[in-house]
Amino acid sequence: MQGQEVKREAVETAEIKPNKNRKVEFAVDGNCDMCKKRIEKAAFSVKGVKSADWHMDHKDIHLIIDETKCSVLDVQKAIARAGHDTEGVKATDEEYAKIHGCCQYRTQESH
């Protein structure tokens, strides 16, 4: 019985341990190549982001992050500060107003 408890603790610890190469994706609004550059630059500004690739066609970002240095929320906040709404964090109206006219996805039907 004691051996089973040790195994269970090891499994629980493994599930909690941060992943240094966690693959993550979430929605990020944007329209064009300027958006892509801004979104990826914002993601890379967060320490622990190893890879960032925003897909214009699906309007989502694919990341590899080191969870010992950052969280998904950290990245979402950085992207929102750059003026782009994410699945978890929306840009303020002030941040959104700073992005170029062609990048203002809230007012455009499709690009």
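Refer to the structure printed above.
What comes next is a walk through the structure. Counting starts from 1 at the beginning of each chain's written sequence and moves along it residue by residue. Where local features are concerned, this predicted model is filtered to residues with pLDDT of at least 70; where side-chain atom pairs are given and counted, the filter is 80 or more; whole-chain, interface and lining totals use all residues. Hydrogen atoms and water are omitted, and side-chain values are computed over all heavy atoms in the structure.

## Examining the nonpolar core
Most often, soluble globular proteins have nonpolar side chains that are buried together.
Argument step 1. By size, the foremost hydrophobic cluster in this structure holds 25 residues, and its most contacted members are Phe 26, Val 49, Ile 61, Leu 63, Ile 65, Val 75 and Ile 79.
Argument step 2. Secondary structure elements are defined from DSSP: runs of H or I of at least 4 residues count as helices, runs of E of at least 2 residues count as strands, and each element is numbered from the N terminus. Elements represented by at least two residues in this core include exactly strand E1 (22-27), helix H2 (33-44), strand E2 (49-55), strand E3 (60-65) and helix H3 (72-81).
Argument step 3. Here a residue-residue contact requires only that any non-hydrogen atoms of the pair lie within 4.5 Å. When near neighbours in sequence (up to four residues on either side) are disregarded, Ile 61 contacts Val 24, Glu 25, Phe 26, Val 28, Ile 39, Ala 43, Ala 52, Asp 53, Trp 54 and Ile 79. Among buried residues, those of type Ala, Val, Leu, Ile, Met, Phe, Trp, Tyr and Cys that are joined through side-chain atoms within 4.5 Å constitute a nonpolar core. Exposure classes here rest on a 1.4 Å probe applied to the protein chains alone. A residue is buried below 20% of its type maximum, exposed above 50%, and partly exposed in between.

## A closer look at the sheet that holds E3
Argument step 1. Taken in spatial order, the three strands make up an open sheet running E1-E3-E2, and their pairing is antiparallel. Each edge of the sheet is formed by a strand with only one pairing partner; in this case those strands are E1 and E2. When the angles between neighbouring strand axes are averaged without regard to direction, this sheet yields 15 degrees.
Argument step 2. Packed onto the sheet, H2 meets E2 and E3 and runs at close to 160 degrees relative to E2. When DSSP finds two or more bridges between two strands, those strands count as paired. Fitting a line to C-alpha atoms yields each axis, with helices limited to the stretch in contact; the angle taken between N-to-C directions then spans 0 to 180 degrees.

## Structural notes on a positive patch on the surface
Argument step 1. Patch construction takes residues with relative accessible area above 30% that form no salt bridge. Like charges are linked within 9 Å, and nonpolar side chains (Val, Leu, Ile, Met, Phe, Trp, Tyr) are linked within 5 Å. Working definition of accessibility: Shrake-Rupley area with a 1.4 Å probe, residue cover restricted to the visible protein chains. Any Lys or Arg side-chain nitrogen located within 4 Å of an Asp or Glu carboxyl oxygen qualifies as a salt bridge. Here the positive residues are Lys and Arg and the negative ones are Asp and Glu; neither His nor the chain ends is included. Lys charges are placed at NZ, Arg charges at CZ, Asp charges at CG and Glu charges at CD. Residues Lys 17, Lys 20, Lys 47, Lys 50 and Lys 69 make up a contiguous surface patch of positive charge.
Argument step 2. Of note, Lys 50 is situated in strand E2.
Argument step 3. For Lys 50, a relative accessible area of 45% gives the class partly exposed.

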